[in-house]
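Notes for the structure review
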Amino acid sequence: MRLDICINLLDCYSTVLYYMVWAGSIREKGEKSIMYDIVIIGAGVSGSASARELSRYQASICVLEKGEDVCSGTSKANSAIVHAGFDAANGSLMAKLNVQGNQMMEQLSKDLDFPFKRNGSLVVCTDESTRPGLQELYERGVKNGVPDLRIIERDELVAMEPNISDEAVAALYAPTGGIVCPFNLNIAMAENAYDNGVEFRFNTQVTGIRKEEEGFTIFTNNGTVRTRYIVNAAGVYADEINNMVSENKMKITARRGDYCLLDKSAGGHVSCTVFALPTKMGKGILVSPTIHGNLLIGPTAVDIENKEGTNTTRAGLDEAITKSAITVKNIPMRQVITSFAGLRAHEDRHEFIIGEAEDVPGFINCAGIESPGLTASPAIGVMVADILQEKMGLVKKDNFIATRKGVLNPENLSLEERNELIQKNPAYGNIICRCEMITEGEILDAIHRPLGARSLDGVKRRTRAGMGRCQAGFCSPRTMEILAREVPGFTMYDVTKSGGDSAIVVGTNKDRL
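These notes cover the structure that comes with them. For clarity, every value in this text was computed on a predicted model and none was experimentally measured.

Thresholds, definitions, all that
- Residues numbered from 1 in each chain as written.
- Predicted model: local features only at pLDDT ≥ 70, side-chain atom pairs only at ≥ 80, totals over all residues.
- Heavy atoms only, no water.
- Helix = DSSP H or I, 4+ residues; strand = E, 2+ residues; numbered from the N terminus.
- Rg over C-alpha atoms; globule rule 2.2 N^0.38 Å.
- Contact = heavy atoms within 4.5 Å.
- Salt bridge = Lys/Arg side-chain N within 4 Å of Asp/Glu carboxyl O.
- Buried < 20%, exposed > 50% of the residue type's maximum accessible area, 1.4 Å probe, protein only.
- Pairing = 2+ DSSP bridges.
- Polar contact = N/O pair within 3.5 Å; in protein donor to acceptor, adjacent residues only side chain to side chain.
- Phe/Tyr/Trp six-rings, centres within 6.5 Å; stacked < 30°, edge-to-face > 60°.
- Lys NZ or Arg CZ within 6 Å of the ring centre and 35° of its normal.

As a further point, take the overall build of the chain. A count of helices and strands for the chain gives 13 helices and 24 strands. In summary, the chain has a C-alpha radius of gyration of 25 Å against a globular reference of 24 Å for 513 residues, a match within 12%. For the chain, the C-alpha atoms occupy an extent of roughly 100 × 60 × 50 Å along the three principal directions. Long-range pairs, those at least 24 residues apart, make up 71% of the contacts in the chain between residues at least 6 apart in sequence.

Right under this line is the structure:
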């Protein structure tokens, strides 16, 4: 064969190889850029649930998260409640997905190995004049499809909850209500999505979006990303993302809620999640055990302009403390170990907005996901995946991984099993966090697992190291040493509380100018 023909054939072959590197790959400004099938903006519960459900299909998927970890925005601070579904308006998407998400949660907790418990919930009526509101809530719940709802009278209520208010006359009892670890739920869905091929990019903030003839160009602080479809799951920033491309403008209000967390010694003060009758601002101040054995009261509901405004206020905490006593008496407030505030992504119509923007084909909103968004998140993920499957003709994988194992908790082992574990891996015999009895082995697992922890808060959310009575006062230095030792390229100067500008060590003693 002539040399010039061989060269031409090689040139053609090289060109074909280049365009086969990735379906949809393009050259922009002389550089190769991947065209994803789907980009999800936000790695909270809605974004992570959507990523997991979409990872069942043959598609290239990337999640962009402006924080340094999953569960670093709206999803990280909430009531940790799995709502039964009696509160949302009949016929609303919120009501439908609440009930579906509640029904999915138990099996999901087994598949993805995160703690969940059906402890039941009570909505307490403290005045006979408000009993019609309780009946209305019952009827709404029945229409929403909430099973086993019933109204109980004071004698049964006191037998269930001895610390119920002396003013309580009746309550709506929902046995399907539950409690969950919001961090582990979020992290579990994200890790499972990652195991199924989803790419995650952290510290990546979306600064602009341009609609193209085929798909979108997303501009971020870490370069551009090309995609055919977008899922907007950006929490309190979902309106800003929507408004970058759509003429149908959206307004999300950050609604701050203050909470107090009490020590585990107070965790048995109530067994159910106790609500007051709800108002237009929300479900009021609840009193609830947590899945890890603490007692939680809150949240308040204050609309604010600052979408990063997670500071607590004296007025907010006072309100939470005062109003919690309306339904539950003798709360041991001296056992408070910390307070915090979370933000709800409130949309004016108080309804989930899930679907394709009317004027932007390929742009799927998943916005206005406020309470009961945590409960609904598994069903939200299914709905988003169904929308895109229908639009894109996605084909299911044969090798989808449906399960995931969480960080090993030695407390779940027998004494013999724990001793055997320590013999195999002595790190599980080295206690780092004394308050929560968290071992070095658990922290190492949190760092080295998929989407591993890279900050103190990342370790805390995966293991509870730092969540006890001393609130990380003693274990932080030791956890920092482990992070600096185990994360490639890290030193103590690189360890942060929660990414960004939250560095812990900024210099050494006796530094000279």
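Next, the rest of the story.
A separate point is the pattern of salt bridges. As a working rule, side chains carrying opposite charge can pair if their charged atoms are close by. Applying the stated criterion across every chain yields a total of 36 salt bridges. A salt bridge links R56 to E53, with the nearest nitrogen and oxygen atoms 2.8 Å apart. We classify R56 as partly exposed; its relative accessible area is 25%. Looking at E53, the relative accessible area reads 10%, which means it is buried. Each of E68, D69, R461 and R462 takes part in one network of salt bridges that share partners.

Right, let's get into the pairing of strand β15 (residues 252-262). β15 sits mainly inside the fold: 11 of its 11 residues count as buried. Neither face of β15 is open: one carries I252, A254, R256, D258, C260 and L262, the other T253, R255, G257, Y259 and L261, and all of them are buried. Note: β15 against strand β20 (residues 336-347), 11 bridges, orientation antiparallel. Across the sheet, residue R255 finds its bridge partner in β20, namely R344. Direction of pairing for β15 relative to strand β19 (residues 302-304): antiparallel, over a ladder of three bridges. Looking at the pairing, R255 lines up with D303 of β19. Here three bridges tie β15 to strand β18 (residues 295-298), and the two strands are oriented antiparallel to one another. Across the sheet, L261 pairs through a bridge with L296, a residue of β18.

Right, let's get into the side chain of N242. Following the sequence through the fold, N242 ends up in helix α7 (residues 238-243). On the basis of relative accessible area, N242 is assigned to the buried category, the value being 2%. In terms of polar contacts, N242 uses its side chain to reach the side chain of N243, at 2.9 Å. Apart from residues lying up to four places away in sequence, N242 is in contact with N232, N248, K249, M250, F363 and N365.

Scanning the model with the defined rule gives three aromatic pairs in all. With 6.1 Å between their ring centres and 25 degrees between their planes, F200 and F202 make a pair best called stacked. For the ring pair Y259 and F340, a centre distance of 4.8 Å and an interplane angle of 15 degrees mean the geometry is stacked. You can see Y259 sitting in strand β15 and its partner F340 sitting in strand β20, a full 81 residues away along the chain. Classification of Y259 as buried rests on a relative accessible area of 4%. Lying over the aromatic face of F216, K211 brings its terminal NZ or CZ to 4.8 Å of the ring centre.

At the junction of G298 and P299, the peptide bond is cis and its omega measures out at -5 degrees in the coordinates. Mapped onto the fold, P299 is located in the loop between β18 and β19. Along the chain, S371 connects to P372 via a cis peptide bond; the corresponding omega equals 15 degrees. Position of P372 among the secondary structure elements: in the loop between β22 (363-367) and α9 (373-392). For N330, which is not a glycine, the phi torsion comes out positive at approximately 60 degrees. The residue N330 is located in the loop between α8 (314-324) and β20 in this model. Its relative accessible area of 60% is what places N330 among the exposed residues.

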